[in-house]
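Results of the structural survey
Chain by chain, the residues:
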Number of protein chains: 2
Amino acid sequence: MSRCYTITKEPISIEKTVGLVSRPEAGAINTFIGTVREITEGKRTLFLEYQAYQSMAEAKLAEIGEEISAKWPNTKTAIVHRVGRLDIEDIAVVIAVSTPHRADSYEASRYAIERIKEIVPIWKKEHWEDGEEWIGDQKETKAYSAGKPEKEDFS
Amino acid sequence: MSRCYTITKEPISIEKTVGLVSRPEAGAINTFIGTVREITEGKRTLFLEYQAYQSMAEAKLAEIGEEISAKWPNTKTAIVHRVGRLDIEDIAVVIAVSTPHRADSYEASRYAIERIKEIVPIWKKEHWEDGEEWIGDQKETKAYSAGKPEKEDFS
């Protein structure tokens, strides 16, 4: 199961991530793909750098999978997050959740991305046109920022 | 744009479908993948056959994309639906919606699958262990069934 919750430096394969959760009893797979956005509030991003505490981050991703299984029975979840330098449009995270029926796949996938932002120790450094900073662009992550770079965001 | 709304006899590539909507201004791509489920209400499916009125179905898929663009500004949508014989776990439909921010990607994707079930002329034939029938397994599709096979479902 551990390969279902992975931090990687390599480009993420959507097909392989979906393959981790595809199974005969599922009729629905929802996938959330977070990509590097060029413009945020009028500022142009050149590229991003992600860093993670890998072992803790993978444990936290697995914890999210367990939370999902408790909340939505008969789900299977995979989450792969990339670290290192990412260019515009590169995929930073792929979440895949398979369920027998579609409503649960949407709800569980949405839950997963919110929880990643809340509890997983991954940070991003924005390299703007006019400088660089460790930043997350969402209010809910500010609580994590005392003396540290803020948590990531795919808002 | 027309290749964004496609009925095909070939296996669907998730990566290619996502590639149709990936763009610098998007930070989120939600993907819904409908797969062939083996067991439905205790009955075992051996395989499915999908049929579509191709030109009308593609036009209706494009119409759904236009509805999404009207409801959620700055979205890009692609929908690919397979027809012909599909085995267990095969992918029947892939919806990909890219948006600047993630909430819209979930809402628009969910809207798309519901609208596919409502307005797109695609039908499925269930081949059960003990027989076969044109069927959709959801109440909301019954209205379409007068004298015809029922509409498909990924409930």
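One structure accompanies this document, and this report is about it. Here the structure is a predicted model, which is why all the values come from computation and not from measurement.

**Considering the interface of chain A and chain B**
Between chain A and chain B, the residue contacts involve 39 residues of the former and 39 residues of the latter. A per-residue breakdown of the area chain A buries against chain B is headed by Pro24(A), Arg102(A) and Tyr106(A), which together make up 24% of the total. The interface formed by chain A and chain B contains two salt bridges. Among the ionic pairs, Glu114(A) bridges to Arg102(B), the shortest N-O distance being 2.8 Å. Our count for the chain A to chain B interface comes out at 28 residue pairs in polar contact (both at pLDDT 80 or more).

**Some details on the relation of the copies chain A and chain B**
Laying chain A over chain B is done by rotating through 180° and shifting 0.0 Å along the axis; what remains is an RMSD of 0.0 Å. Viewed as a symmetry operation, the transformation between the two copies matches a two-fold axis. Proximity to the rotation axis, assessed at the C-alpha, singles out Thr31(A) in chain A; its C-alpha lies 2.4 Å from the axis. When you check the interface residues of chain A against chain B, 100% turn up at the interface there too, and the contact is symmetric in its surfaces.

**Section: the pattern of salt bridges**
Residues and elements named next belong to chain A. Under the definition given, this model contains 25 salt bridges over all chains. With a shortest N-O distance of 3.6 Å, Lys 124 and Glu 126 are connected by a salt bridge. For the residue pair Lys 124 and Glu 126, the accessibility class agrees, reading buried in each case. One network of salt bridges, with partners in common, ties together Glu 38, Arg 44 and Glu 129.

**Some thoughts on the environment of Tyr53(B)**
Note on placement: Tyr53(B) falls in the loop between strand 4 (43–52) and helix 2 (54–71). Between the C-alpha atoms of Tyr53(B) and Ile7(B), which are 46 residues apart in sequence, the distance is 9.1 Å.

**Here we look at the side chain of Ser109(B)**
The residue Ser109(B) is located in helix 3 (residues 102–119) in this model. A relative accessible area of 0% means that Ser109(B) is categorised as buried. Discounting chain neighbours no more than four positions away, the residues touching Ser109(B) are Tyr106(A), Asn30(B), Phe32(B), Ile95(B) and Val97(B).

**Examining helix 2 of chain B**
Residues and elements named next belong to chain B. Helix length check: helix 2, at 18 residues, gives a terminal C-alpha distance of 26 Å against a target of 26 Å (1.5 Å per residue), a fit within 8%. What helix 2 keeps buried is the set Ala 57, Leu 61, Ile 64, Gly 65, Glu 67 and Ile 68. One face of helix 2 carries all of its buried residues, which in axial projection span an arc of 160°. Turned more than 90 degrees away from the buried face of helix 2 sit Ser 55, Glu 66 and Ala 70, all of them exposed. Lining the buried residues of helix 2 we find strand 1 (5–8), strand 4, strand 5 (76–82), helix 3 and strand 8 (122–128).

**Looking at the sheet that holds strand 5 (residues 76–82) of chain A**
Pairing within the open sheet is mixed, and its eight strands lie in the order 1(A)-5(A)-7(A)-2(A)-2(B)-7(B)-5(B)-1(B). In the strand order of this sheet, the two ends are held by strand 1 (5–8) of chain A together with strand 1 of chain B, each with one partner. Strand-to-strand twist of the sheet, defined as the mean angle between neighbouring strand axes without regard to direction, takes the value 10°. Bridge analysis of strand 1 of chain A against strand 5 of chain A gives four bridges, and the strand direction is parallel. Note on strand 5 of chain A: the bridge partner recorded for Thr8(A) is Arg82(A). The strands that helix 2 (residues 54–71) of chain A touches are strand 1 and strand 5 of chain A; relative to strand 1 of chain A, the one it contacts most, it runs at about 150°.

**A look at the environment of Ala108(A)**
Residues and elements named next belong to chain A. Residue placement: Ala 108 occurs in helix 3 (residues 102–119). Ala 108 gets classed as buried once you look at its relative accessible area, which sits at 0%. For the pair Ala 108 and Lys 71, spaced 37 residues apart in sequence, the C-alpha to C-alpha distance is 8.2 Å. Apart from residues lying up to four places away in sequence, Ala 108 is in contact with Ile 68, Trp 72 and Val 97.

About the cut-offs
- Residues numbered from 1 in each chain as written.
- Chains lettered and ligands numbered in written order.
- Predicted model: local features only at pLDDT ≥ 70, side-chain atom pairs only at ≥ 80, totals over all residues.
- Heavy atoms only, no water.
- Contact = heavy atoms within 4.5 Å.
- Buried area = accessible area lost by both parts, 1.4 Å probe.
- Salt bridge = Lys/Arg side-chain N within 4 Å of Asp/Glu carboxyl O.
- Polar contact = N/O pair within 3.5 Å; in protein donor to acceptor, adjacent residues only side chain to side chain.
- Least-squares fit on C-alpha atoms with pLDDT ≥ 70 in both.
- Buried < 20%, exposed > 50% of the residue type's maximum accessible area, 1.4 Å probe, protein only.
- Helix = DSSP H or I, 4+ residues; strand = E, 2+ residues; numbered from the N terminus.
- Expected span 1.5 Å × (residues − 1).
- Arc of directions from axis to C-beta.
- Pairing = 2+ DSSP bridges.
- Axes fitted to C-alpha atoms, helices over the stretch in contact; angles between N-to-C directions.

Everything listed is a geometric property; what it means functionally is a separate question.
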